[in-house]
Amino acid sequence: MKNILIIVLISFICVSKTYSQDTEIEESNSNEYQIEGKVFAPELASDENYKNWVQNTDILLHTGNSGIFKGFLKSDGSFVINKVPSGSFILEVQNADYVYEAVRVEINNKGKFRARKVSHIQPSQVIQLPYPLKLKAMTTFRYFQQREQWKITDFLFSPMVLMMVLPLVLLVLLPKIMNDPEAKKELENMQLPGLGSEMPDMSEMLSKFLGGGTPAPKPQPSQSERSKNKKRSNNN
């Protein structure tokens, strides 16, 4: 009789352990979620290019301490990442030819999803996105920089050429402008009142500057020298 009781107790303990393990597994599975969405293909020329794009596109879900979850695209461009715990994650579309915008996906303990853009400049900025995710290509990767080509405009607009050409243009145009009576009137009107008579002529200033300056004035004879010169002229 005792042996029968011992066997019943052992079987009861084993059944309770298996039941507790099953409940723990069910609870752990209930806290796991799946992230789904769709990646839209860029404009491709043929079906072969589309197949290559599907094969070469991966979905990376950065989970921080837990590591990285990886997903793959289906033939229609959709994806599903299973067994994701609750938390905040960054989802990226990895492709060698096209650039996609990263998305932050947040899952709370109740299984509610929220998606928003990732802003490295303003991390506090929240721009929500629809869920399930819909991702489109932004631009193409540029691995090589185009070599600069020589242009005649680069030569004409260089500082040395401008320093040589602009003074010549001013020397040619300014005298013509100053000889125009209408332009003179406009310049006189633009000048301050009371300074119009004192302002020198621009053409005279340019001619003096190019001629090396004005010659030194000759000394005028005094009155005594003038009278002596007159007497000499009368005697002659």
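From a predicted model like this one, the values you see are computed outputs, not experimental measurements.

Draft legend 1. How the structure looks around the overall build of the protein chain. In terms of regular secondary structure, the protein chain is built from seven helices and 11 strands. Counting all 236 residues of the protein chain, 17% fall into the buried class. The long-range share in the protein chain, meaning contacts at least 24 apart out of those at least 6 apart in sequence, stands at 54%. Entry remark: accessible area of the protein chain is about 19,700 Å², with carbon and sulfur atoms responsible for 57%.

Draft legend 2. Fine view of the environment of Y50. Of note, Y50 is situated in helix α2 (residues 47-55). For Y50 and S75, which are 25 residues apart along the polypeptide, the C-alpha to C-alpha distance reads 9.2 Å. Beyond its immediate sequence surroundings of up to four residues, Y50 is in contact with A41, L44, S75, D76 and G77.

Draft legend 3. View of the sheet that holds strand β1 (residues 33-39). Taking strand neighbours across the sheet as the criterion, the three strands line up as β4-β1-β10 in an open arrangement whose pairing is mixed. In this open sheet, the two strands that pair with only one neighbour each are β4 (78-84) and β10 (133-135). Direction aside, neighbouring strands of the sheet carry axes that sit 25° apart on average. Two strands pair when backbone bridges link them, and β1 and β10 are joined in this way by three bridges, in the parallel orientation. Looking at β10, one finds that G37 is bridged to L133.

Draft legend 4. Examining the sheet that holds strand β3 (residues 68-72) more closely. A sheet is described by the order of its strands in space; here six strands give the open sequence β3-β2-β5-β7-β8-β9, paired in antiparallel fashion. Looking at which strands have only one partner, the edges of the open sheet turn out to be β3 and β9 (128-129). Inspection of the sheet shows strand β8 (residues 113-117) paired to β9 by two bridges, in the antiparallel sense. Across the sheet, A115 pairs through a bridge with L129, a residue of β9.

Draft legend 5. Highlighting the packing of aromatic side chains. Summed over the entire model, instances satisfying the criterion amount to three aromatic pairs. With centroids separated by 6.3 Å and ring planes inclined at 85°, the aromatic side chains of Y33 and F113 adopt a geometry described as edge-to-face. Linking Y33 in strand β1 with F113 in strand β8, this pair joins segments that are 80 residues apart in sequence. Among the residues examined, Y33 registers a relative accessible area of 16% and is labelled buried. By relative accessible area, which is 23% here, F113 ends up partly exposed. Relative to W53, the ring of Y50 lies with its centre 5.7 Å away and its plane at 35°, an arrangement referred to as tilted. One end of the pair, Y50, and the other, W53, are both in helix α2, three residues apart, so they sit about a helical turn from each other. Judged by its relative accessible area of 26%, Y50 falls in the partly exposed class. Put simply, the rings of Y33, F113 and Y131 touch in pairs and so form one group of aromatic residues.

Draft legend 6. Seen up close, the nonpolar core. If you look at the biggest cluster of nonpolar residues, it comprises 22 residues, and the most contacted ones within it are I35, V39, I59, F79, L91 and L133. Mapped onto this core, the elements with two or more residues apiece are β1, α2, β2 (58-62), β4, β5 (87-94), β6 (98-100), β7 (103-107) and β10. Apart from residues lying up to four places away in sequence, F79 is in contact with I35, E36, G37, K38, V39, I59, F72, L73, L91 and L133.

Rules used in this analysis
Residues numbered from 1 in each chain as written. Predicted model: local features only at pLDDT ≥ 70, side-chain atom pairs only at ≥ 80, totals over all residues. Heavy atoms only, no water. Helix = DSSP H or I, 4+ residues; strand = E, 2+ residues; numbered from the N terminus. Buried < 20%, exposed > 50% of the residue type's maximum accessible area, 1.4 Å probe, protein only. Contact = heavy atoms within 4.5 Å. Areas by Shrake-Rupley, 256 points an atom, 1.4 Å probe, with all protein chains shown as cover. Pairing = 2+ DSSP bridges. Axes fitted to C-alpha atoms, helices over the stretch in contact; angles between N-to-C directions. Phe/Tyr/Trp six-rings, centres within 6.5 Å; stacked < 30°, edge-to-face > 60°. Core = buried A, V, L, I, M, F, W, Y, C linked by side-chain atoms within 4.5 Å.

That's the geometry; what it means functionally is another story.
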